[in-house]
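Read off the chains here:
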Amino acid sequence: MRVIGGAIAIILLIGIAGLHVFWALGGHIGQSAAVPERNGKPAFKPGPIATFAVAVALVVAVLLVAAHLGWIASPVPTGLVRVLVWMIVVAFAARAIGDFRYVGFFKRVRDTRFARLDTRVFSPLCAVLAIAVTDAVIEGRF
């Protein structure tokens, strides 16, 4: 059974979730470059609860991909797991494409620190995650 995409997705998602937990607990490394900017200021200021909620969502994504691959047992029906994993694919693909203004490959604002990192790191990472999770869905046990 080929599970390379799932393994890549799980490793990346755990790392990103860990970074969000770090930020939620007060860590600052990398945080200033992780939010889109408008007129030289952050477009929004996520608080610890919102940041932790993102971490939880990422961990749920890990659990869903792992369940789909048969690596862990799931209390959720298999059909629902499959639908939710496809929703993860759509979410990361949509993030990679972006909002056509501040985030994604097709953003208009490109002259900020965030925008440069988004072009080089964040959007490609989301595209890789969308592809890796798609591979997990296709190669999964269901």
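Residues numbered from 1 in each chain as written. Predicted model: local features only at pLDDT ≥ 70, side-chain atom pairs only at ≥ 80, totals over all residues. Heavy atoms only, no water.

(A) Quick look at unusual backbone geometry. The phi angle at Asn 39 is positive, at roughly 55°, despite the residue not being glycine. Residue placement: Asn 39 occurs in the loop between β1 (37-38) and β2 (41-42). Here Asn 39 falls in the exposed class, since its relative accessible area comes to 76%. Positive phi, close to 70°, is recorded for Phe 100, a residue that is not glycine. Along the polypeptide, Phe 100 turns up in the loop between α3 (78-97) and α4 (113-139). (Helix = DSSP H or I, 4+ residues; strand = E, 2+ residues; numbered from the N terminus. Buried < 20%, exposed > 50% of the residue type's maximum accessible area, 1.4 Å probe, protein only.)

(B) Region of the structure containing the packing of aromatic side chains. Going through the model one piece at a time under the given rule, you end up with 2 aromatic pairs. Aromatic side chains Phe 114 and Phe 122 sit 5.5 Å apart centroid to centroid with 35° between the ring planes, which places their arrangement in the tilted category. (Phe/Tyr/Trp six-rings, centres within 6.5 Å; stacked < 30°, edge-to-face > 60°.)

(C) Structural view of the pattern of salt bridges. Counted by the stated rule, this structure contains 2 salt bridges. With a shortest N-O distance of 2.5 Å, Asp 118 and Arg 95 are connected by a salt bridge. Of this pair, Asp 118 sits in helix α4 while Arg 95 sits in helix α3, and the two are 23 residues apart along the sequence. On the basis of relative accessible area, Asp 118 is assigned to the buried category, the value being 0%. For Arg 95, a relative accessible area of 23% puts it in the partly exposed group. Put simply, Asp 118 and Lys 107 hold a salt bridge, and the shortest N to O gap is 2.9 Å. Here Lys 107 lies in the loop between α3 and α4 and Asp 118 lies in helix α4, a separation of 11 residues in the sequence. For the pair shown, Asp 118 and Lys 107 are each scored as buried. The network of salt bridges with common partners includes Arg 95, Lys 107 and Asp 118. (Salt bridge = Lys/Arg side-chain N within 4 Å of Asp/Glu carboxyl O.)

(D) Structural detail: the nonpolar core. Core analysis: the largest hydrophobic core is formed by 26 residues, its most contacted members being Leu 13, Phe 92 and Val 133. Mapped onto this core, the elements with two or more residues apiece are α1 (4-24), α2 (48-69), α3 and α4. Residues contacting Leu 13, with those up to four places away along its chain left out, are Leu 58, Ala 61, Val 62, Phe 92 and Leu 129. (Core = buried A, V, L, I, M, F, W, Y, C linked by side-chain atoms within 4.5 Å. Contact = heavy atoms within 4.5 Å.)

(E) Main features of the packing of α1 against α4. It is the contact of α1 with α4, at a shortest axis distance of 7 Å, that shows an interaxial angle of 135°. With respect to α4, the element α1 is oriented oblique. The crossing of α1 and α4 is left-handed. Listed contacts from α4 to Ile 4, Gly 5, Gly 6, Ile 8, Ala 9, Leu 12, Leu 13 and Ile 16 of α1 are Leu 125, Val 128, Leu 129, Ala 132, Val 133, Asp 135 and Ala 136. A class-by-class count of the residues in the contact of α1 with α4 yields 12 nonpolar, 2 polar and 1 charged. (Axes fitted to C-alpha atoms, helices over the stretch in contact; angles between N-to-C directions. Parallel < 35°, antiparallel > 145°, perpendicular 65-115°, else oblique. Left-handed = near helix turned anticlockwise from the far one by under 90°. Nonpolar A, V, L, I, M, F, W, Y, C, P; charged D, E, K, R; others polar.)

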